[in-house]
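Inside the fold
Here is how the chains run, residue by residue.
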Amino acid sequence: MYLISLTRRYCVLTGLKLSSEYTLPEEVRKAGFEICPDELGSIVEGHDLKKLKIHGGTEGLTEKLSTSIASGISTSEDLLSVRKEIYGINQFTESPSRGFWLFVWEALQDTTLMILAACAFVSLIVGILMEGWPIGAHDGLGIVASILLVVFVTATSDYRQSLQFKDLDAEKKKIVVQVTRDKLRQKISIYDLLPGDVVHLGIGDQIPADGLFISGFSVLINESSLTGESEPVSVSVEHPFLLSGTKVQDGSCKMLVTTVGMRTQWGKLMATLSEGGDDETPLQVKLNGVATIIGKIGLFFAVITFAVLVQGLANQKRLDNSHWIWTADELMAMLEYFAVAVTIVVVAVPEGLPLAVTLSLAFAMKKMMNDKALVRNLAACETMGSATTICSDKTGTLTTNHMTVVKACICEQAKEVNGPDAAMKFASGIPESAVKLLLQSIFTNTGGEIVVGKGNKTEILGTPTETALLEFGLSLGGDFQEVRQASNVVKVEPFNSTKKRMGVVIELPERHFRAHCKGASEIVLDSCDKYINKDGEVVPLDEKSTSHLKNIIEEFASEALRTLCLAYFEIGDEFSLEAPIPSGGYTCIGIVGIKDPVRPGVKESVAICKSAGITVRMVTGDNLTTAKAIARECGILTDDGIAIEGPEFREKSDEELLKLIPKLQVMARSSPMDKHTLVRLLRTMFQEVVAVTGDGTNDAPALHEADIGLAMGISGTEVAKESADVIILDDNFSTIVTVAKWGRSVYINIQKFVQFQLTVNVVALIVNFLSACLTGNAPLTAVQLLWVNMIMDTLGALALATEPPQDDLMKRSPVGRKGNFISNVMWRNILGQSLYQLVIIWCLQTKGKTMFGLDGPDSDLTLNTLIFNIFVFCQVFNEISSREMEKIDVFKGILKNYVFVAVLTCTVVFQVIIIELLGTFADTTPLNLGQWLVSIILGFLGMPVAAALKMIPVGSH
């Protein structure tokens, strides 16, 4: 550490001088390098071309970093350690995690708890002064103990949740890049990158460190994450600077890493930003509004209750003619009345609502992680529960993304070419000149590469489409390196989903230039006016031959094959790099058909979505015939469904599209903006849309910027993943169904909890209010109400918000986010159960002494203990009944939910302790066996009542 800090200080001083006067620190020289980290950082961060030139340009820096553009850095552990010691590691300094005691402190900031703490303090002082220690401290200590219990349970819950989110955040940051080390192309974590590494970047990749452009084509960088500018920046040898945190929007290149970690511009930016918390989800916002209204109602009841109790005491004193003389007991009674009023507010304010949402979402996120779905933000869970439409890519989402060329039409011969033997037989049947052109097209016009990996194994790198073509080229007997070395690539226009084609210009011996083009069959074929016939001759593309090739494309597409057309153009002896690659006049080399099998389970998953009221729509860049064939295979396209191509879709007005969209199931030849438009119109039709991005690199950011509801990423690039709200880690469309199920489960679980909590709220408020009005005292004390609040809020949230999803959730219609959260079914259950509990408690208050034969000085205490005990057991059994809002069988799967069972057990055990052992603190007295049995039976009877209520039909809204 001392060496690094000394080097850094020295470099800061010397780096401020002109680089021509640059003095190399001795530590850096001894380590085998010729430039220090801060000098390197100043070149890239300052875009300093003058300094770069003084240091010998990119090649000069490569030498000074003891690396090689061809070989990369050495993987020797000793050499890597020295490099790390001098230049640092590619990790950002993270803000330290908040400790448990900070969560305790935050929980203590609750206003109502602070008021109760003040009441406890006054109670302690007055009690000790009047009755001495320890008897006089019982009431105050009881409140303190209850407050501490609430605080510690809340803090523990929040702390565990923060740890869970930290684990999920770590999962989000797992990014792998391709580098060359020891002459081998290999994949490593971005955290293992070091200055001197040669990194390979393509469209959609996030730049993992600061560096310099070595070589590449048509590179456009989106620097909006750093600068806020939406216009992409062109990067080339003349402007070689690449900054960490930016993204490759177009092109591909090799980059020399110069600066890593906190020395990068992104690292310095991150250091100035404080980590913000998660925004509240829509459901949390909605429930916060509900909580506010209930809280105000509770405050009103609390004020009235306090006023009635005080008035009762004042009336008694007036009758006794002692209203000017107040005893300590009467002052303590006033304090108890105030504590009861404050506790009514505590009970009434359902702080458990936001907690329940967070717990449920966090629980769902953790479980979804186990089910191979990484949720990047909480609101995504809710959106999945409300989804009515899934707009899905085809490639990499509905299909496996493992592509193979299975058919080809070259020189008017269309044959199966699946496998090396079939390919070699096919090659032997066509002219050698055509095979050479085909191999040149495949091996030069590509974004992929064939390299020798570890163990001298041949590896094909690139997108699945590129990999399939390169594999086809090898199976034809082609030699990738030989073909590449026979020409020089001078210009590249990479493939993107807008142009739907890729082109290169190569320089052949004797300065002859040739362009190669490949892409969507119809588009490339339209740019051709010649083709190679069966004799290997270039002949004009007449109407008959055009019709033949189009029929071949249609035939391949009808077999669910992705078709590509390959073509070339003889440019001649002169070509300017500033000139665009020709767009017409090409000679068609041939058509290839690529098989991308449908993923196992997709058809079943689509059927489940349909039964759940979710419409699946496929959006793809393939031609219409291919798209329709695959959509039928997936079960997406039905007999009355509509399939349309992007160009036709774009020509229609919004009014026409709104009429078309309800039956629209497939969109072919689409652009990212087509999907954007489709999603936007679906949203205007009050549809909750999930947009699923597979290998599309341009779709995800555009969709994420739009108000689409939810973006979901599958097997895409880092840009696609970063733009997604949910990342499907196993690349399986079936996982989307699981995510939808969890989303619905979250919504239903919150409804269950709200139903349970509002029942407790209604009963606790009315019981204490009516008792205060009619009898002049409250049967439930402050300590008892705090325990009820604990059952109702934190424990209730833990028990009900963590229920796992059931399969029948996907047989219901989607839960709407626009409608009333508290449904008619919930109101029926709340009011019915509340009425039962109120009747029981009111009978006990008025007839309890007679029913249980209570008399003597402790009869009131025993009765109030019974009321408290029965009230708690009513909540215990009501919690079980709340597991199902409409079904009578509430025990199904209960033993599999360990959290639920643990919460119920803890509640009952602690209730026994409160009654039997903590009487002096909780104002209770031990009960006999008969009284315990009655408490349990009366609580249990709430379950048949709940079952009977569920048989009463009500509307769903």
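Residues numbered from 1 in each chain as written. Predicted model: local features only at pLDDT ≥ 70, side-chain atom pairs only at ≥ 80, totals over all residues. Heavy atoms only, no water.

Quick look at the overall build of the protein
Summing up its helical and strand segments, the protein has 36 helices and 26 strands in all. In the protein, buried positions account for 54% of the 957 residues. When contacts within the protein are restricted to residue pairs at least 6 apart in sequence, those whose partners lie at least 24 apart make up 73%. Total accessible area on the protein stands at roughly 41,500 Å², and carbon and sulfur atoms take up 58% of it. (Helix = DSSP H or I, 4+ residues; strand = E, 2+ residues; numbered from the N terminus. Buried < 20%, exposed > 50% of the residue type's maximum accessible area, 1.4 Å probe, protein only. Contact = heavy atoms within 4.5 Å. Areas by Shrake-Rupley, 256 points an atom, 1.4 Å probe, with all protein chains shown as cover.)

Some words on the environment of Leu831
Along the polypeptide, Leu831 turns up in helix α31 (residues 824–852). Its relative accessible area of 51% is what places Leu831 among the exposed residues. A sequence separation of 72 residues divides Leu831 from Thr759, and the C-alpha atoms of the two residues are 7.3 Å apart.

Overview of the pairing of strand β11 (residues 413–416)
The pairing of strand β10 (residues 404–410) with β11 spans 4 bridges and is antiparallel. Of the residues in β11, the one forming a bridge with Ile410 is Gln413. Between β10 and β11, which pair antiparallel one after the other, the connecting turn spans 2 residues, and Cys411 there sits at a positive phi close to 50°. (Pairing = 2+ DSSP bridges.)

A few points about the pattern of salt bridges
Within this structure, the stated rule accounts for 16 salt bridges. With a shortest N-O distance of 3.8 Å, Lys407 and Glu555 are connected by a salt bridge. Of this pair, Lys407 sits in strand β10 while Glu555 sits in helix α21 (residues 543–558), and the two are 148 residues apart along the sequence. Within the structure, one salt-bridge network assembled from shared partners comprises Lys407, Glu555 and Glu559. (Salt bridge = Lys/Arg side-chain N within 4 Å of Asp/Glu carboxyl O.)

What to know about the packing of helix α35 (residues 929–940) against helix α36 (residues 942–949)
The description of two packed helices rests on the angle between their axes and on the distance between the axes. Relative orientation of the contacting elements α35 and α36 amounts to 5°, with a least axis distance of 4 Å. In terms of axis orientation, α35 runs roughly parallel to α36. On the side of α35, the interface is formed by Leu938, Gly939 and Phe940, while α36 contributes Gly942, Met943 and Pro944. A class-by-class count of the residues in the contact of α35 with α36 yields 4 nonpolar, 2 polar and no charged. (Axes fitted to C-alpha atoms, helices over the stretch in contact; angles between N-to-C directions. Parallel < 35°, antiparallel > 145°, perpendicular 65-115°, else oblique. Nonpolar A, V, L, I, M, F, W, Y, C, P; charged D, E, K, R; others polar.)

Here we look at the side chain of His516
Locating His516 in the fold gives a position in strand β16 (residues 512–520). Judged by relative accessible area, which is 0%, His516 ranks as buried. The contacts of His516, once residues within four sequence positions are left out, are Leu437, Gln440, Ser441, Thr444, Asn445, Met502, Gly503, Val504, Ile506, Ala567, Tyr568 and Ile589.

Remarks on the confidence of the model for the protein
Low-pLDDT portions of the prediction should not be read for the details of their coordinates. The predicted model of the protein averages 81 in pLDDT, with 84% of residues at 70 or higher. No element of the protein has a lower mean pLDDT than helix α1 (residues 2–15), which averages 39, and none a higher one than α36, which averages 94. For the stretch residues 1–20, pLDDT sits under 50, and the model shows 29 contacts to residues farther than four places along the chain or on other chains. (pLDDT = per-residue confidence, 0-100.)

Considerations on unusual backbone geometry
Despite not being glycine, Ser66 shows a phi value in the positive range, around 55°. Here Ser66 lies in the loop between α5 (57–64) and α6 (77–87). Positive phi is not limited to glycine here, since Lys183 has a value of about 70°. Relative accessible area serves as the criterion here: at 66%, Lys183 is assigned to the exposed category.

Topic: α35
Between its terminal C-alpha atoms α35 stretches 16 Å, which fits the 16 Å expected from 12 residues at 1.5 Å a residue. By the burial criterion, the buried members of α35 are Gln931, Trp932, Ser935, Leu938 and Gly939. All buried residues of α35 project into a common sector of 135° when viewed along the axis, lining one side. If you follow the buried residues of α35, they end up packed against α31, α32 (859–881), α33 (898–916) and α36. Residue Asn928 occupies the N-cap position of α35, its side-chain oxygen lying 3.2 Å from the main-chain nitrogen of Gly930. (Expected span 1.5 Å × (residues − 1). Arc of directions from axis to C-beta. Polar contact = N/O pair within 3.5 Å; in protein donor to acceptor, adjacent residues only side chain to side chain.)

Things to note about the packing of aromatic side chains
On inspection of all chains with the given rule, the structure shows 13 aromatic pairs. Ring geometry for Phe443 and Phe480: centres 5.5 Å apart, planes at 80°, overall edge-to-face. Separated by 37 residues along the polypeptide, Phe443 in helix α17 (residues 432–444) and Phe480 in helix α19 (residues 480–485) bring together distant segments of the chain. We classify Phe480 as buried; its relative accessible area is 5%. Taking 5.7 Å as the distance between ring centres and 85° as the angle between the ring planes, the aromatic pair formed by Phe877 and Phe940 counts as edge-to-face. (Phe/Tyr/Trp six-rings, centres within 6.5 Å; stacked < 30°, edge-to-face > 60°.)

Describing a nonpolar patch on the surface
Residues Leu929, Leu933, Ile937, Phe940 and Leu941 make up a contiguous nonpolar surface patch of roughly 490 Å² in combined accessible area. Position of Leu941 among the secondary structure elements: in the loop between α35 and α36. (Patch = residues over 30% accessible without salt bridge, like charges linked within 9 Å, V, L, I, M, F, W, Y side chains within 5 Å.)

Quick notes on α17
Because an α-helix packs 3.6 residues into every turn, residues spaced three or four apart end up facing the same way. Between its first and last C-alpha, α17 extends 18 Å over 13 residues, near the 18 Å set by a 1.5 Å rise per residue. When you tally the buried positions in α17, you get 10 out of 13 residues, the bulk of the element. Looking only at α17, the buried set comprises Ala434, Val435, Leu437, Leu438, Leu439, Gln440, Ser441, Ile442, Phe443 and Thr444.

A short note on the environment of Gln755
Relative to the elements of secondary structure, Gln755 occurs in helix α29 (residues 733–775). By relative accessible area, Gln755 is classed as buried at 4%. Considered as a pair, Gln755 and Ile830 are 75 residues apart in the sequence and their alpha carbons are 6.0 Å apart. Leaving out residues up to four positions away in the same chain, Gln755 has contacts with Met826, Asn829, Ile830, Ser882 and Met885.

Some details on the pairing of β10
In terms of burial, β10 is largely enclosed, as 6 of its 7 residues are buried. One ladder, built from 6 bridges, connects β10 with strand β20 (residues 586–595); its direction is antiparallel. Looking at β20, one finds that Cys409 is bridged to Ile591.

Remarks on the packing of α31 against α32
Contact pair α31 / α32: the axes reach a minimum separation of 10 Å and the direction vectors enclose 155°. Looking at the two axes, α31 sits roughly antiparallel to α32. For α31 against α32, the interelement crossing comes out right-handed. Contacts from Gln833, Tyr836, Gln837, Ile840, Ile841, Leu844, Gln845, Gly848, Lys849 and Phe852 in α31 reach Ser859, Asp860, Leu863, Leu866, Ile867, Ile870, Phe871, Cys874, Gln875 and Asn878 in α32. Looking at the contact of α31 with α32 residue by residue, the classes come out as 11 nonpolar, 7 polar and 2 charged. (Left-handed = near helix turned anticlockwise from the far one by under 90°.)

Points about the state of the cysteines
According to the stated counting rule, one finds 0 disulfides in the structure shown. Cysteine Cys528 remains unbridged, with the sulfur of Cys565 as its closest cysteine sulfur at 4.9 Å. For Cys528, a relative accessible area of 10% gives the class buried. Distance from the sulfur of Cys588, which forms no disulfide, to the nearest cysteine sulfur (Cys565) is 3.8 Å. (Disulfide = S-S within 2.5 Å.)

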